[in-house]
Amino acid sequence: MKLVRGAWKLLVGIKDGLVLLFMLLFFIALFAVLSARPNPAAVKDGALVLNIDGMIVEQPSEADPFAALGGNEGPREHRMRDLVRALDAAKGDARVKVVVLDLDRFAGGYPAAVAEVGAAVARVRAAGKPVLAYATGYSDSGYLLAANASEIWVDPMGGTLFSGPGGSRLYYKGLIDKLGVTTHVYKVGKFKSAVEPYILSGQSPEAKAANEALYGAIFGQWQEAITKARPKAKIAETIAQPDAIVAAANGDIALANERMGLVDKRGDRLAFGKRVAEIAGADAGKPAGSYKTIKLANWLEANPAPKSGDAIGVITVAGEIVDGKAGPGTAGGDTVSGLLLKGLAGKK
């Protein structure tokens with residue numbers, strides 16, 4: 001009987017321990033959820049931080065609830081209208097001492113969307129409010145945002161080289177011939193570059209002409225925007241002779257960027273943080289380089305989108321075009337047509 005009573009006490013102890021553990025986990029989860037909710041009352045004087053750690057999109061796609069569990073989370077998506085609203089609200093608000101653009105993990109976006117945010121950054125700067133940008137290395141689209149800032153910082157161990165739009169493409173014709181594989185491709189017309197990697201070893205004249213027309217125009221607009229936002233940046237020379245410019249700086253890309261007027265300061269995050277703290281105020285009790293911040297989520301909650309005026313229906317067609325129905329971030333044919341028909345039916 002002693003053995004049975006001992007076993008029973010052990011089981012009861014395990015049960016009580018598990019109950020306490022689950023209660024503790026529940027309250028931790030509840031606290032995390034409540035803490036994650038935007039709090040407009042938390043907005044105090046400081047630096048409005050735009051940590052754009054992902055892509056700028058017109059319409060964020062639906063999040064996969066199981067992606068995080070499997071470790072397959074894609075890049076975060078930031079709504080263009082939210083960023084523009086945050087920046088425009090910061091122009092005349094005395095609580096925002098400086099706007100910080102953290103572009104270290106910026107993954108780009110469609111040129112039009114990035115340009116819209118860049119224009120909003122320029123409006124903040126034109127209003128007389130400082131805007132400081134930081135990154136270890138700027139991508140083409142990241143630099144378009146940073147060019148509109150008052151100060152551009154780059155990590156001394158990093159640096160920026162521009163690649164232009166379009167990227168690169170692999171052609172498999174040589175490999176296919178060596179393997180003795182026969183490919184059968186059927187196409188109509190000359191401008192059918194999707195199948196060219198299987199039948200050619202390089203792009204056709206038609207594909208080259210189409211790419212130059214499209215990407216040449218995009219790249220030209222990018223250069224014009226950079227020149228307008230930052231006239232002292234020697235963009236043309238940097239694009240034409242990147243190797244000579246970097247060699248003249250003994251291989252130091254960050255130094256070469258500074259010499260060409262692309263950046264204002266070379267410094268690590270500690271130095272950058274101290275610079276922001278000079279404007280926004282240091283965050284007492286925290287390590288050196290910390291400064292008073294305004295979280296973007298809290299700022300957006302404190303500055304909701306205006307709802308006055310006549311209502312206008314806006315149908316966003318963003319993402320991959322597919323047949324059938326689709327959620328946000330994907331252009332489903334049936335979904336878009338249904339929204340159009342619904343809008344037309346409700347028109348007065």
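Scroll up for the structure.
Values in this document were obtained by computation on a predicted structure and should not be read as measured data.

Student: Give a detailed account of the environment of His184, specifying residues and quantitative values.
Tutor: Relative to the elements of secondary structure, His184 occurs in the loop between α6 (173-179) and α7 (196-199). Residues His184 and Ile199, 15 residues apart in the sequence, show an inter-C-alpha distance of 8.8 Å.

Student: Quick one: what's the story with the sheet that holds strand β4 (residues 96-102), residue by residue and with numbers?
Tutor: One open sheet holds the 6 strands; their spatial order is β8-β7-β6-β4-β1-β9, and the pairing between them is parallel. Two strands close off the open sheet at either side, each with one partner strand: β8 (265-266) and β9 (293-294). In the sheet, strand β6 (residues 131-135) pairs with strand β7 (residues 151-154) via 4 bridges, with the strands oriented parallel. Across the sheet, the residue bridging to Leu132 is Glu151, located in β7. Strand contacts of helix α3 (residues 80-90): β1 (46-51) and β4, with the helix running at about 160° to β1, the strand carrying the most contacts.

Student: A description of the packing of aromatic side chains should follow, citing residues and the corresponding values.
Tutor: Here the distance between the centres and the angle between the planes together describe a pair of aromatic rings. Counted according to the given criterion, the structure contains 7 aromatic pairs. When the ring of Trp153 is compared with that of Phe272, the centres are 5.6 Å apart and the planes differ by 75°; the resulting orientation is edge-to-face. With Trp153 in strand β7 and Phe272 in helix α12 (residues 269-280), this residue pair connects regions lying 119 residues apart in the sequence. You'll find Trp153 and Phe272 in the same group, each marked buried. When the centroid spacing of 5.0 Å and the interplanar angle of 65° are considered together, the rings of Phe162 and Trp222 count as edge-to-face. Here the residue Phe162 occupies a position in the loop between β7 and α6, and Trp222 occupies one in helix α8 (residues 205-229), the gap between them amounting to 60 residues. Both residues of the pair, Phe162 and Trp222, count as buried. Through pairs of rings, three or more aromatic residues link up here, namely Tyr138, Tyr143, Phe162, Phe219 and Trp222.

Student: Give me the side chain of Ser141: which residues, what numbers.
Tutor: Inspection of the secondary structure assignment puts Ser141 in helix α5 (residues 140-146). Of the residues examined, Ser141 reaches a relative accessible area of 18% and is grouped as buried. Beyond its immediate chain neighbours, meaning those up to four positions away, Ser141 contacts Phe106, Gly108 and Val114.

Conventions and cut-offs
Residues numbered from 1 in each chain as written. Predicted model: local features only at pLDDT ≥ 70, side-chain atom pairs only at ≥ 80, totals over all residues. Heavy atoms only, no water. Helix = DSSP H or I, 4+ residues; strand = E, 2+ residues; numbered from the N terminus. Pairing = 2+ DSSP bridges. Contact = heavy atoms within 4.5 Å. Axes fitted to C-alpha atoms, helices over the stretch in contact; angles between N-to-C directions. Phe/Tyr/Trp six-rings, centres within 6.5 Å; stacked < 30°, edge-to-face > 60°. Buried < 20%, exposed > 50% of the residue type's maximum accessible area, 1.4 Å probe, protein only.

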